[in-house]
Amino acid sequence: MPLQIGDKISLAIDDIAFGGEGVGRVRSDDGDLVVFVPFVLAGETVEAEITEVKKNFARAKLLRVEKPSPERVEAPCVYFGKCGGCQYQHIAYGEQLRIKQKQIADLFERVGKIPREVVAPVIPCPSPYGYRNRIMVRSQWNKPEQKLNIGFVRCDCGLVEDIERCLIAEPSLNEQLQQVHAHPPPKGGIKVVLRVQPENWELPPDSFFQNNFFLLPGLVDTVRNFLRAGGAKHLADLYCGVGFFGIELSDSVETFIGVEYDRRAIHAAEQNALSRKITNGRFISARVEDVLPGLQGKISVENSAVLLDPPRKGCGREILNLLRETRPRQVIYVSCHPATMARDLNILCAESVFELLHVQPLDMFPQTQHVECVADLRAGKRS
């Protein structure tokens, strides 16, 4: 009989897919049907209830772990499994790192046709809990209980789970969260951003900054090591935000230029450079697509590196094509979304225009499905 919503099944988990769900298979006369289940581990046998059935796959919720993995641990957060923020609190931290490395290698091999050997082991976070310096909580009216819920969207629906304390947030954010509970928004549907201001950095309210101060030095070291190994004398820091990477890497190049569309972020970048007496760089407020073609006339392409730190959606095809045309000495790509990164790397490396030497993952988001990656690409030989 085909699976139906509400069916309860015993399922052997074979793998953890990119995104954090476990993968099991139900065998039938028509072939195997993949079933995705959250909060499980490879090697476990679980009881699950089917919640969704499609032509080629199904989804289920975990009811009971029949045979646990030795890597399973007790999640310390009382909201885990309801709040949608974390996917991996039930997994020992070392195993989380191994799972993420395998997921990235699998993804790059499948999407980007990239040999898995270029993906290094994941650099761990010194603080697997209490690391997030920015969270966004939502408010939603809870009609049955006649109260305002303040917290995060649940993993199983669009409702907001009321949260008193988030274990992956820095302690000062939980103090701010208590203040939001004490002085709640006037109604539901309002988002509240809580943030720890980075020390000695000017940062406009809506500007981006890395959300993990604990592993931030490791991220900078990774990018710096790639940059110095490439030997470029000039750096173009695209999507530069408040100038973080350009300023931090200024001692590794003769000159740098930062490009960012947000004028307030550019003003902050200029102030951040000024306060540090950084004089070998400048910042431009413009779309990357508009500036990139003209950079070739301003800097020596064969002696230049381009640093990409785009939004989660990745780079536009126009930008990737411009990079393929200008062919700088080195491209360093920083991304928190391995899927879009793999897609973009595949485009850059087509016809050997660029060669991918290394991908270094860093666990900027412990207990979650997310991971930061830094890729080192070098210009191929011109035919």
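All of these numbers come straight from a predicted model, not from anything done at the bench.

1. Thoughts on the overall build of the protein
At step 1: Each helix and strand counted, the protein has eight helices and 16 strands in total.
At step 2: The C-alpha radius of gyration of the protein comes to 23 Å, within 12% of the 21 Å expected for a compact globule of 383 residues.
At step 3: Across its three principal axes, the protein shows a C-alpha extent of roughly 65 × 55 × 35 Å.
At step 4: Classification of the 383 residues of the protein by burial places 50% in the buried group.
At step 5: At a minimum sequence separation of 6, the contacts of the protein that also span at least 24 residues come to 65%.
At step 6: A total accessible area of about 18300 Å² is found for the protein, and carbon and sulfur atoms account for 51% of it.
At step 7: Side chains of the protein give 47 positive and 48 negative charges; the mean places of these two sets differ by 3 Å.

2. Comments concerning the sheet that holds strand 1 (residues 8-16)
At step 1: With respect to topology, five strands assemble into a closed barrel ordered 1-2-3-5-4, the strand pairing being mixed. Across the sheet, the mean angle from the axis of one strand to that of its neighbour is 50°, orientation sign disregarded.

3. Notes on the packing of aromatic side chains
At step 1: Applying the stated criterion across every chain, the model contains eight aromatic pairs.
At step 2: Within the aromatic cluster, the residues linked to one another by ring pairs are Trp201, Phe209, Phe213, Phe244 and Phe245.
At step 3: Of note, Arg276 hangs over the ring of Trp201, and the distance from its end group to the ring centre comes to 3.8 Å.

4. Overview of the pattern of salt bridges
At step 1: Taken as a whole and judged by the stated rule, the model has 25 salt bridges.
At step 2: In this structure, Glu109 engages Arg116 in a salt bridge whose closest nitrogen and oxygen atoms are separated by 3.0 Å.
At step 3: Judged by its relative accessible area of 26%, Arg116 is partly exposed.
At step 4: For Glu289, the salt bridge goes to Arg287, with nearest N and O atoms at 3.6 Å.
At step 5: The exposure class assigned to Arg287 is partly exposed, which follows from its relative accessible area of 35%.
At step 6: When salt bridges that share partners are traced, they join Asp15, Lys102, Asp106, Glu109 and Arg116 into one network.

5. A short note on the environment of Lys82
At step 1: Looking at the secondary structure, you find Lys82 in the loop between strand 5 (57-67) and helix 1 (93-111).
At step 2: Residue classification places Lys82 among the partly exposed residues on the basis of a relative accessible area of 33%.
At step 3: Distance from Lys82 to Ile13, taken between C-alpha atoms, is 21 Å for residues 69 residues apart in sequence.
At step 4: Beyond its immediate chain neighbours, meaning those up to four positions away, Lys82 contacts Arg154, Cys155 and Glu161.

6. Structural notes on the sheet that holds strand 10 (residues 234-238)
At step 1: The strand order across the open sheet formed by seven strands is 12-11-10-13-14-16-15, and the pairing between neighbours is mixed. Each edge of the open sheet is held by one strand with a lone partner, namely strand 12 (281-285) and strand 15 (354-362). This sheet shows a mean twist of 15° between the axes of neighbouring strands, independent of strand direction.
At step 2: One ladder, built from five bridges, connects strand 10 with strand 13 (residues 304-308); its direction is parallel. Looking at strand 13, one finds that Ala236 is bridged to Val306.
At step 3: Each of strand 14 (330-335), strand 15 and strand 16 (372-379) is contacted by helix 8 (residues 338-349), which is oriented at about 5° to strand 16, the strand it contacts most.

So, how was this worked out
Residues numbered from 1 in each chain as written. Predicted model: local features only at pLDDT ≥ 70, side-chain atom pairs only at ≥ 80, totals over all residues. Heavy atoms only, no water. Helix = DSSP H or I, 4+ residues; strand = E, 2+ residues; numbered from the N terminus. Rg over C-alpha atoms; globule rule 2.2 N^0.38 Å. Buried < 20%, exposed > 50% of the residue type's maximum accessible area, 1.4 Å probe, protein only. Contact = heavy atoms within 4.5 Å. Areas by Shrake-Rupley, 256 points an atom, 1.4 Å probe, with all protein chains shown as cover. Lys, Arg positive; Asp, Glu negative; His and termini not counted. Charge placed at Lys NZ, Arg CZ, Asp CG, Glu CD. Pairing = 2+ DSSP bridges. Axes fitted to C-alpha atoms, helices over the stretch in contact; angles between N-to-C directions. Phe/Tyr/Trp six-rings, centres within 6.5 Å; stacked < 30°, edge-to-face > 60°. Lys NZ or Arg CZ within 6 Å of the ring centre and 35° of its normal. Salt bridge = Lys/Arg side-chain N within 4 Å of Asp/Glu carboxyl O.

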